[in-house]
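# Reading the structure
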Amino acid sequence: MKNFRFPALLALLLFISFNGCQKDKQENDAAYYTSQDLTSTEDLLDEAQLDVDDALENRGDPNGSVCPTSTWAHPIGVFPNTLTIDFGQDGCIGRYGRIRKGKIVVDVNKAWIEIGSQRLLHFEDFSINGVAFEGTATGSFTGLNSALQPVLN
């Protein structure tokens with residue numbers, strides 16, 4: 001009888017420790033994928049910001065193409081103003097071969113190079129490669145730092 005208890009107890013301890021290790025591994029994997037997803041999402045948001053920069057700098061015709069179409073609510077130079085960047089329902093191929101669909105609407109209060117200028121981005125059914133964007137994103141120009149570099153928030 002004593003010989004039976006020891007192997008059974010040993011088997012039970014091994015089973016518990018094996019399951020404990022599996023749980024830790026699963027939790028670590030979940031944390032890894034969550035941080036990886038967050039990084040990917042930030043990369044896509046950066047791409048959307050670059051699309052906005054292109055449209056603002058090229059005054060409504062980024063890359064000299066038909067898609068996306070960019071439209072100002074008022075003449076360029078009138079503030080406040082709204083820029084609508086429309087990638088259409090079928091989408092456009094953008095940076096890195098990724099497909100953008102929907103609209104980005106950008107409200108601007110003054111020229112971007114003026115201290116205190118702000119941008120407010122709204123996403124309307126916007127996605128990059130099927131990853132949907134919701135909500136808003138903001139940016140502001142607060143001036144130059146001591147090295148005479150622009151400070152953007």
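Everything below is about the structure shown above.
Scope of this entry: the structure provided in the associated data block. This one's a predicted model, so the numbers in the text were calculated from it and none came from an experiment. Numbering of residues begins from 1 in every chain and follows the order in which that chain's sequence is written. Reporting in this predicted model follows two pLDDT cut-offs: at least 70 for local features of residues, and 80 or more for side-chain atom pairs to be given and counted; totals over whole chains, interfaces and linings ignore these cut-offs and use all residues. For side-chain calculations, the full set of non-hydrogen atoms in the structure is used, while hydrogens and water are omitted.

### Some remarks on the overall build of the protein
- Helix and strand definitions follow DSSP, with helices as H or I runs of at least four residues and strands as E runs of at least two, each counted in order from the N terminus. Counting its regular elements, the protein contains 1 helix and 7 strands.
- Written out in order from the N terminus, the α and β elements of the protein read α-β-β-β-β-β-β-β.
- Between buried and exposed lies partly exposed: a residue is buried under 20% and exposed over 50% of the maximum accessible area for its type, with that area taken using a 1.4 Å probe on protein chains only. Expressed as a percentage of its 153 residues, the buried residues of the protein come to 24%.
- Residues count as neighbours in contact if any of their non-hydrogen atoms are within 4.5 Å of one another. Taking as baseline every contact in the protein between residues at least 6 positions apart, the subset at least 24 positions apart corresponds to 36%.
- Roughly 10500 Å² of accessible area belongs to the protein as shown, and the carbon and sulfur atoms make up 57% of that amount. Only the protein chains shown count as covering a residue, and every accessible area follows the Shrake-Rupley method with a 1.4 Å probe.

### Quick notes on the packing of aromatic side chains
- Ring pairs shown here join Phe, Tyr and Trp side chains whose ring centres sit within 6.5 Å, with only the six-membered ring taken for Trp; geometry is labelled stacked below 30 degrees between planes, edge-to-face above 60, and tilted in between. Inspection of the entire model under this criterion finds 4 aromatic pairs.
- Note on Phe123 and Phe126: the rings are 5.7 Å apart at their centroids and 25 degrees apart in plane angle, and the pair reads as stacked.
- With a relative accessible area of 12%, Phe123 lands in the buried category.
- Taking the relative accessible area as the measure of exposure, Phe126 reaches 1% and is therefore buried.
- Three or more aromatic residues joined by ring pairs form one cluster here, namely Phe87, Phe123, Phe126 and Phe133.

### A word on the side chain of Asn81
- Its location among the elements puts Asn81 in strand 2 (residues 81-93).
- The term polar contact refers here to a pair of N or O atoms within 3.5 Å; inside protein, the definition further demands a hydrogen-donor-capable atom paired with an acceptor-capable atom, and it admits residues adjacent in sequence only when both atoms are side-chain atoms. Here Val78 takes part through its backbone oxygen, which lies 3.1 Å from a polar atom of the side chain of Asn81.
- Not counting residues within four places of it along the chain, the set of residues in contact with Asn81 comprises Trp72, Ala73, His74, Pro75, Ile76, Val106, Asp107 and Val108.

### Topic: the environment of Ser117
- By the secondary structure assignment, Ser117 is in the loop between strand 3 (99-108) and strand 4 (118-128).
- A relative accessible area of 0% places Ser117 in the buried class.
- Residues Ser117 and Gly139, spaced 22 residues apart in sequence, show a C-alpha to C-alpha distance of 8.4 Å.
- What Ser117 contacts, discounting residues up to four positions off in sequence, is Asn109, Lys110, Ala111, Trp112, Gly139, Ser140 and Phe141.
- Here Glu114 takes part through its backbone oxygen, which lies 3.0 Å from a polar atom of the side chain of Ser117.

### Focus: unusual backbone geometry
- The linkage connecting Phe79 with the following residue, Pro80, adopts the cis geometry, with an omega of -5 degrees.
- Tracing the sequence through the fold places Pro80 in the loop between strand 1 (69-72) and strand 2.
- In the Ramachandran plot, Tyr96 falls in the positive-phi region, its phi being about 60 degrees despite a non-glycine side chain.
- Checked against the element boundaries, Tyr96 lands in the loop between strand 2 and strand 3.
- A residue is classified by how much of its surface remains accessible, and Tyr96, at 66% relative accessible area, is exposed.
- Residue Leu148 is not a glycine yet carries a positive backbone phi of 60 degrees.
- Note that Leu148 resides in the loop between strand 6 (136-144) and strand 7 (150-152).
- Accessibility expressed as a relative area gives 65% for Leu148, which makes it exposed.

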